[in-house]
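A look at the structure
For reference, the chains in residue letters:
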Amino acid sequence: MVTVLLPGPLRGEAGGASRLSVTAAGTLRAVLDEVAVAYPRLARRIRDERGELRRYVNVYVDGADCRHSGGLATPVGEGAEVRVLPSVAGG
């Protein structure tokens, strides 16, 4: 089981859940593909039309930024925590 942690701004797209349990493991792409099946609106907030991570969304696998560890090919092991954080802009 992999746990996907969602911040407040994304919970509405997942029925209010702050945590999602995902059976897929292996890569971040596999985890997000499973999330997309259950929560297509959430998936559109995380990935663009090409299936790539949106520019202003940060994803961490066990605390490591996936952009520095393989992107969507980042390994995700059994029991891992995937944290999705949209960037917040302001002035």
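Definitions and cut-offs
Residues numbered from 1 in each chain as written. Predicted model: local features only at pLDDT ≥ 70, side-chain atom pairs only at ≥ 80, totals over all residues. Heavy atoms only, no water. Pairing = 2+ DSSP bridges. Helix = DSSP H or I, 4+ residues; strand = E, 2+ residues; numbered from the N terminus. Contact = heavy atoms within 4.5 Å. Axes fitted to C-alpha atoms, helices over the stretch in contact; angles between N-to-C directions.

Now for the sheet that holds strand β5 (residues 64-65). One open sheet holds the five strands; their spatial order is β2-β1-β7-β4-β5, and the pairing between them is mixed. The sheet is open, and its two borders are formed by β2 (19-22) and β5, each paired with just one other strand. The pairing of strand β1 (residues 2-5) with strand β7 (residues 81-86) spans three bridges and is classified as parallel. Within the sheet, the bridge partner assigned to Thr 3 lies in β7 and is Glu 81. Sitting on the sheet, helix α2 (residues 28-38) touches β1, β2, β4 (57-61) and β7, and the angle it makes with β2 is about 110°.

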